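Structural description and commentary
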Amino acid sequence: MAALGWLTPRRRSATARSVLAGEASAEAARKSTQEVLEREPEFPVPGDERAAAFFDLDNTVMQGAALFHFGRGLYKRKFFDTRELARFAWQQAWFRLAGVEDPEHMQEARDSALSIVQGHRVSELQSIGEEIYDEYMAERIWPGTRALAQAHLDAGQRVWLVTAAPVEIATVIARRLGLTGALGTVAESVHGVYTGKLVGEPLHGPAKAEAVRALALAENLDLSRCAAYSDSHNDIPMLSLVGHPYAINPDSKLRKHARRMDWRLRDYRTGRKAAKVGIPAAAGVGAVAGGTAAAIALHRKRR
């Protein structure tokens, strides 16, 4: 057994030098932790009533585009024919693959939706929106982004969706997620009936920034203490307004801009990307499962 003595660690009493080394290491760790805390103060700040958060919807809070999911629900209720459904399906598939907002595709989708709802009552679409949320949208909410929004709510802050989707759809989603409210594109209605036209233009790009600015003024918010979240470079004007911009599932242009500006990034689209930024694995797995299921469903429809 003596021959194996070298395998057994020898217990040695601490020398003055080892005690000094241990104390110095502990002090360095404490200072390092303190420096991080000073550099990155608690956020969101609990009780800060002049702070709020603004979330883009499509591909930020929800996988895909809300308008396309809404279109699927309207087709199920025979608002339009199979040809129109095929167009919605193609637009949604393209959006999933590209992961960015293409102005031409989005405009086409909006025009389709406006023609479909023309002549219908606003109250009817609001009621249907509740059903469609449960059928197509609830399972497509990114858990990671939802957690970010909840952190602001838990801190006592207001949280708004800011989206080019119709305000009726956005309001339903915001209410179902427990958010404060929504800013969205306003479709014209007369005596509670849609005319098939918009009031102004879609809430897109610079228009989002103007909506946030106007709401901040009305609600007495300090934008330097507010946060904004988006996936698209089109929302750089909105992100640039606030003191805490976040790039969520960013397209390539926004990712480059965010890195250049030292904005925070979060990516919930795949397990591989989730691991890179420390996202809980469940969020990444859920995203992959959702995308796979959508691809299978599309393949079956084509067959």
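Presented here is a report on the structure given in the accompanying data block. Just so it is clear, the structure is predicted and the values come from calculations on it, not from any experiment. (Residues numbered from 1 in each chain as written. Predicted model: local features only at pLDDT ≥ 70, side-chain atom pairs only at ≥ 80, totals over all residues. Heavy atoms only, no water.)

1. Structural notes on the overall build of the chain
- What the chain contains, in helices and strands, is 12 helices and eight strands.
- Each of the 303 residues in the chain was classed as buried or not, and the buried ones make up 44%.
- Across the chain, the fraction of contacts at a sequence separation of at least 24, relative to all contacts at a separation of at least 6, is 60%.
- Total accessible area on the chain is roughly 16400 Å²; 56% of this is exposed by carbon and sulfur atoms. (Helix = DSSP H or I, 4+ residues; strand = E, 2+ residues; numbered from the N terminus. Buried < 20%, exposed > 50% of the residue type's maximum accessible area, 1.4 Å probe, protein only. Contact = heavy atoms within 4.5 Å. Areas by Shrake-Rupley, 256 points an atom, 1.4 Å probe, with all protein chains shown as cover.)

2. Remarks on the side chain of Arg-269
- Among the structural elements, Arg-269 can be located in the loop between strand S8 (264–266) and helix H11 (271–276).
- Within polar-contact distance, the side chain of Arg-269 engages the backbone oxygen of Asn-249 at 3.2 Å.
- A polar contact is formed between the side chain of Arg-269 and the side chain of Asp-267, at a distance of 2.6 Å. (Polar contact = N/O pair within 3.5 Å; in protein donor to acceptor, adjacent residues only side chain to side chain.)

3. Overview of the sheet that holds strand S6 (residues 227–230)
- Spatially, S3-S2-S1-S6-S7-S8 is the arrangement adopted by the six strands of the open sheet, whose pairing is parallel. At either margin of the open sheet sits one strand with a lone partner, and together these are strand S3 (181–185) and S8. Taken over all neighbouring pairs, the strand axes of this sheet differ in orientation by 20° on average, direction set aside.
- Against the sheet, helix H8 (residues 206–218) makes contact with strand S1 (52–55), strand S2 (158–166) and S3, and its axis sits at roughly 145° relative to S2, the strand it touches most.
- Contacting S6, strand S7 (244–248) and S8, helix H10 (residues 252–261) runs over the sheet at an angle of about 145° to S8. (Pairing = 2+ DSSP bridges. Axes fitted to C-alpha atoms, helices over the stretch in contact; angles between N-to-C directions.)

4. Quick look at the environment of Tyr-133
- One can find Tyr-133 in helix H5 (residues 122–137).
- Separated by 43 residues in sequence, Tyr-133 and Arg-176 have C-alpha atoms that sit 8.5 Å apart.
- Setting aside chain neighbours within four positions, we find Tyr-133 in contact with Ala-138, Ile-141, Val-172, Ile-173, Arg-176 and Leu-177.

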